[in-house]
Amino acid sequence: MPPLLVWGKQGLLAQAIRRTWTNDGTILFWGRHDLPETREQQHRKICRLAPSAIVNASGFTNLRRAQAAPHLVRELHVETPAFLATVSRNLGIPFVTTSSDYVFSGHGRIAWTETDPTEPINAYGRSKLEGERAVLTSNPNAKIIRTAGLFGRAQARSKISFPERILQQARFGRVPEVRSDLTTSICHVDDLATDILKVLMSSSKGIFHVAHAGGATWLQIACYALKSAGVSSQIKAIQTPDFPRPACSTLATNRPEVLYGRSRGKTWQEALGEFMRGFCDA
Ligand SMILES: NC(=O)c1ccc[n+]([C@@H]2O[C@H](COP(=O)([O-])OP(=O)(O)OC[C@H]3O[C@@H](n4cnc5c(N)ncnc54)[C@H](OP(=O)(O)O)[C@@H]3O)[C@@H](O)[C@H]2O)c1
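Quantities reported herein were computed from a predicted structural model and do not represent experimental measurements. (Residues numbered from 1 in each chain as written. Predicted model: local features only at pLDDT ≥ 70, side-chain atom pairs only at ≥ 80, totals over all residues. Heavy atoms only, no water.)

Asker: It is not clear to me how the layout of surface pockets should be interpreted in this structure. Could you clarify?
Answerer: Considered as a void within the structure, the second largest pocket measures approximately 280 Å³ in volume. Residue lining of the second largest pocket: 14 residues in total, with Met1, Leu4, Ser52, Leu197 and Met201 positioned closest to the centre. With three residues, helix H7 (residues 189-201) is the largest single contributor of residues to the lining of the second largest pocket. Taken together, the residues of the lining of the second largest pocket sort by class into 10 nonpolar, three polar and one charged. (1 Å grid on protein atoms, 1.4 Å probe; cavity = no way out; pocket = protein on both sides within 12 Å on 5 of 7 lines; lining within 4 Å. Points joined across faces, edges and corners; volume = space filled by probe spheres on them. Helix = DSSP H or I, 4+ residues; strand = E, 2+ residues; numbered from the N terminus. Nonpolar A, V, L, I, M, F, W, Y, C, P; charged D, E, K, R; others polar.)

See below:
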């Protein structure tokens, strides 16, 4: 059986794929340190492997660092996905890559669907949108998953996601400071991994929005996270306009049949509550 290649190894999503997909040894994870330097060498390495599909789990998530490292962002969000899309097209295999809610302006909507107009307002969003376009140009059969606000069990301290970080701060007696001016979607990364597999196995192509139903401000998410973990703490609402971010980037899907069949997806409260209750006795 030809292997399935996941591009990324230590990231939150790559680790969730490792946890949630049944792996009988045929799913391979390539981290940045496993790769030869040039695209030509990488191309040869992929061709030697002859994978059955490629999933790109790499990307940037730290927006502040992204603002300061435009070349790296371009490489990760545009060049790498476009390269993998081209290789997949040449090999005739499925390709899935990830994008972001930041492709939207955040103005004047309650939630954004796959067909809504994109208009990124910062460099991060522009790079993701450019990546989407480059992928679909290189490989019209590619599948692009836009997601947002990932949370889940982190392997490394540096990857701890927002709700767990808030919980740690509260447990150490610090008052978490959380933005109250941005409304977003969130998504448990294990659910994202499960949905990526569904999209990969389906014959559908193009763009999919994967996030839990409903939008909330980061402040509402933090409050709900602490309540679900049984921790009472003050939270300080802040507004720190560091650089432009979409005011409302809630994602909704108009392609639920591929992801959920006849059932409905979880609400953000259901998914976050489940996750945080895991910390109640920790
Ligand atoms: N986290 C979120 O809230 C969020 C929201 C919207 C969209 N997304 C998108 O979802 C995808 C997966 O995100 P994630 O949360 O799993 O990201 P993450 O935890 O930060 O992991 C980043 C991944 O990118 C790879 N990578 C390769 N070169 C890198 C470099 N120079 N610097 C940093 N990382 C590098 C890493 O490789 P190694 O495995 O070798 O470390 C790792 O697998 C990305 O495309 C991201 O943009 C995430």
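Asker: In this structure, what is going on with the site of the ligand? I would like to understand it.
Answerer: Close to the ligand lie 24 residues; Lys9, Gln10, Leu12, Leu13 and Arg32 are nearest. The backbone of leucine 13 places a nitrogen or oxygen atom 2.8 Å from an oxygen atom of the ligand. At 2.8 Å from an oxygen atom of the ligand is found a side-chain nitrogen or oxygen belonging to threonine 98. Relative to its unbound accessible area of 880 Å², the ligand is 87% covered by the protein chains. Those elements giving two or more residues to the shell around the ligand turn out to be helix H1 (12-20), helix H4 (70-91), strand E4 (95-100) and helix H5 (123-138). Looking at the shell around the ligand residue by residue, the classes come out as nine nonpolar, 11 polar and four charged. (Near = heavy atom within 4 Å. Polar contact = N/O pair within 3.5 Å; in protein donor to acceptor, adjacent residues only side chain to side chain. Areas by Shrake-Rupley, 256 points an atom, 1.4 Å probe, with all protein chains shown as cover.)

Asker: Please clarify how the packing of aromatic side chains should be interpreted in this entry.
Answerer: We describe a pair of aromatic rings using the distance from one ring centre to the other and the angle between the two ring planes. On inspection of all chains with the given rule, the structure shows eight aromatic pairs. Measuring from centroid to centroid gives 4.8 Å for phenylalanine 162 and tryptophan 218, while their planes differ by 70°, and the two rings are edge-to-face. Taken as a pair, phenylalanine 162 in helix H6 (residues 162-171) and tryptophan 218 in helix H8 (residues 218-228) lie far apart in primary sequence, 56 residues in all. Across the pair, tryptophan 218 and phenylalanine 162 agree in class, each one buried. Three or more aromatic residues joined by ring pairs make a cluster, and in this case those are Trp7, Trp30 and Phe83. Across the ring face of phenylalanine 279, the terminal group of arginine 153 is positioned such that the distance to the ring centre comes to 4.5 Å. (Phe/Tyr/Trp six-rings, centres within 6.5 Å; stacked < 30°, edge-to-face > 60°. Buried < 20%, exposed > 50% of the residue type's maximum accessible area, 1.4 Å probe, protein only. Lys NZ or Arg CZ within 6 Å of the ring centre and 35° of its normal.)

Asker: What exactly am I supposed to notice about the nonpolar core here?
Answerer: If you look at soluble globular proteins, the nonpolar side chains tend to sit buried side by side. Core analysis: the biggest nonpolar cluster contains 34 residues, and Leu4, Val6, Ile17, Trp21, Val55, Ile145 and Ile196 have the highest contact counts within it. Of all elements in the fold, only strand E1 (4-7), H1, strand E2 (27-30), strand E3 (53-56), H7 and helix H9 (256-260) reach the threshold of two or more residues within this core. When sequence neighbours within four positions are dropped, the list of residues in contact with tryptophan 21 reads Leu4, Ile27, Val55, Ala193, Thr194, Ile196, Leu197 and Leu200. Among the nonpolar cores identified, the runner-up in size contains 23 residues, and Ala170, Ile235, Ala271 and Phe279 belong to it. (Core = buried A, V, L, I, M, F, W, Y, C linked by side-chain atoms within 4.5 Å. Contact = heavy atoms within 4.5 Å.)

Asker: Would you take a moment to explain empty space enclosed by the protein for this structure?
Answerer: To locate leftover empty space, one rolls a probe as large as a water molecule over the atoms. With the rule as written, the count across this model stands at one cavity of 30 Å³ or more. The computed volume of the largest cavity comes to approximately 80 Å³. In terms of lining, the largest cavity is formed by 13 residues, of which the most central are His77, Pro81, Thr97, Thr98 and Gly131. Counting residues per element, the ones that place at least two in the lining of the largest cavity are H4, E4 and H5.

Asker: Would you mind showing me how to read the pairing of E3 here?
Answerer: Going residue by residue along E3, you find Ala53 and Val55 tucked away on one face and Ile54 and Asn56 tucked away on the opposite face as well. Alignment of E1 against E3, held across four bridges, turns out to be parallel. Counted as the bridge partner of leucine 4 is alanine 53 from E3. In the sheet, E3 pairs with E4 via three bridges, with the strands oriented parallel. Residue pairing for E4: valine 55 is matched across the bridge by valine 96. (Pairing = 2+ DSSP bridges.)

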